[in-house]
Amino acid sequence: MSRLKALRAGAAAALAVGLAVGCSPTGGGHEGSGRSVLTGENGAAGRVLAVKVDNVPAARPQTGLNDADLVYAIEVEGGLSRLMAVYDSSHLPPTVGPVRSARETDLQLLAAYDKPALAFSGAQSKLLPVLKSSDIITRTGTSAFFRDPHRPAPHNEYVHTKGLTDGAGTAKDIGLRFASKTPGGGRAVTVTSASMPSARFTFTWSAPRYRVVMDGSTSPWTADNVIIQRVQVKESRFRSRTGYVPFSQTVGSGSGVVLRDGRSYDVHWSRPAEDAGTTYTSDGRTLPLRPGRTWIVLEPA
């Protein structure tokens, strides 16, 4: 067996799956409408791929984040952060990574989508059987995964994206709204930060977009919009023998901040059910995002 095959065999838990959920659109464009429901840009979004991406210093700089329609920042064990990058099939980079394991938070987030493919490397021992046995999940195998010998394990597993969206659902409305015109209200703010127990994100306005700094280190990543969504964090029902596993609750409601065009808006977010999208309102009105790419940080409330 070659070294590459052995590495792949050692990563047998690496899966690419399609998570099927019920559809409950909250309005907005659909495929064929001419505008993406994920970015608000011209060209309807295609089939969706979500990839779990490592975010400790040894994993940086990652690959493919500036191609993502959305990037979620999520708390994991030890108060560290992990990312979930969401792509449509029309804008897939060749590779994404480093890829890491799935968590319960991911499943609740992706329930707002329509059967997206999810690429991840393993999962907690009690969560992995749920993924394997569920009749709403389709595995696509492990041949798309590979190791970069120039990086230290476990921060060196990547995925080729070609073909991973085959059989995945088409992008659906997840509650986001877009408008080119900057909304009234808000306040001019250049630098905004969001924190987890052992992680910190800073977003600096550098027209025409935001530059992303993680844990005090600059990155090549940028965003057109930033949503800091304050959520309740509790222990996951899929526990680990190694300690506390956080679960960020994205169904419900709470406060947050939206950044766009160098302005900051205090918002209220609401998601009534797992198959529903998330709305963001300011002074009782839906706050539109700027057409483009969005980072969403699930900050502990």
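Residues numbered from 1 in each chain as written. Predicted model: local features only at pLDDT ≥ 70, side-chain atom pairs only at ≥ 80, totals over all residues. Heavy atoms only, no water.

Colleague: Looking at this structure, I do not really get the nonpolar core. What am I missing?
Modeller: Most often, soluble globular proteins keep nonpolar side chains buried together rather than apart. Val51, Leu65, Leu83, Val159, Phe201, Phe203 and Trp295 are the most contacted members of the largest nonpolar core, which totals 35 residues. When neighbours within four sequence positions are excluded, Phe203 is seen to be in contact with Thr190, Val191, Thr192, Tyr210, Arg211, Val212, Val226, Leu259, Trp295 and Val297. Counting 32 residues, the second-largest nonpolar core is a separate cluster that includes Phe120, Ala171, Ile227 and Ile296. (Core = buried A, V, L, I, M, F, W, Y, C linked by side-chain atoms within 4.5 Å. Buried < 20%, exposed > 50% of the residue type's maximum accessible area, 1.4 Å probe, protein only. Contact = heavy atoms within 4.5 Å.)

Colleague: Would you explain the confidence of the model for the protein chain in this entry?
Modeller: The predicted structure's coordinates, where accompanied by low pLDDT, should not be read in detail. Across the protein chain, the average pLDDT comes to 87, with 85% of residues at or above 70. Confidence over residues 1-32 falls short of pLDDT 50; this stretch has 93 contacts with residues more than four positions distant or in other chains. (pLDDT = per-residue confidence, 0-100.)

Colleague: Help me understand the sheet that holds strand E14 (residues 217-223) in this model?
Modeller: Sheet strands pair by backbone hydrogen bonding; their relative direction is either parallel or antiparallel. Read across the open sheet, the four strands follow the order E11-E12-E13-E14; overall the sheet is antiparallel. Strands with a single pairing partner mark the edges of an open sheet, and in this sheet they are strand E11 (191-196) and E14. Across the sheet, the mean angle separating the axes of adjacent strands is 25° when strand polarity is ignored. As defined by bridge partners, E11 adjoins strand E12 (residues 199-206) across six bridges and the pair is classed as antiparallel. Note on E12: the bridge partner recorded for Thr192 is Phe203. (Pairing = 2+ DSSP bridges. Helix = DSSP H or I, 4+ residues; strand = E, 2+ residues; numbered from the N terminus. Axes fitted to C-alpha atoms, helices over the stretch in contact; angles between N-to-C directions.)

Colleague: Would you mind showing me how to read unusual backbone geometry here?
Modeller: Note on backbone geometry: most residues besides glycine have negative phi, and most peptide bonds are trans. The step from Gly97 to Pro98 runs through a cis peptide bond, and the omega angle for that step is 0°. Residue placement: Pro98 occurs in the loop between strand E5 (95-96) and helix H2 (104-110). The omega angle of the peptide bond from Ala153 to Pro154 is 5°, so this bond is cis rather than trans. When you line up the elements, Pro154 lands in the loop between strand E8 (145-147) and strand E9 (157-160). Of note, the phi angle at Asp283 is positive, near 55°, even though the residue is not glycine.

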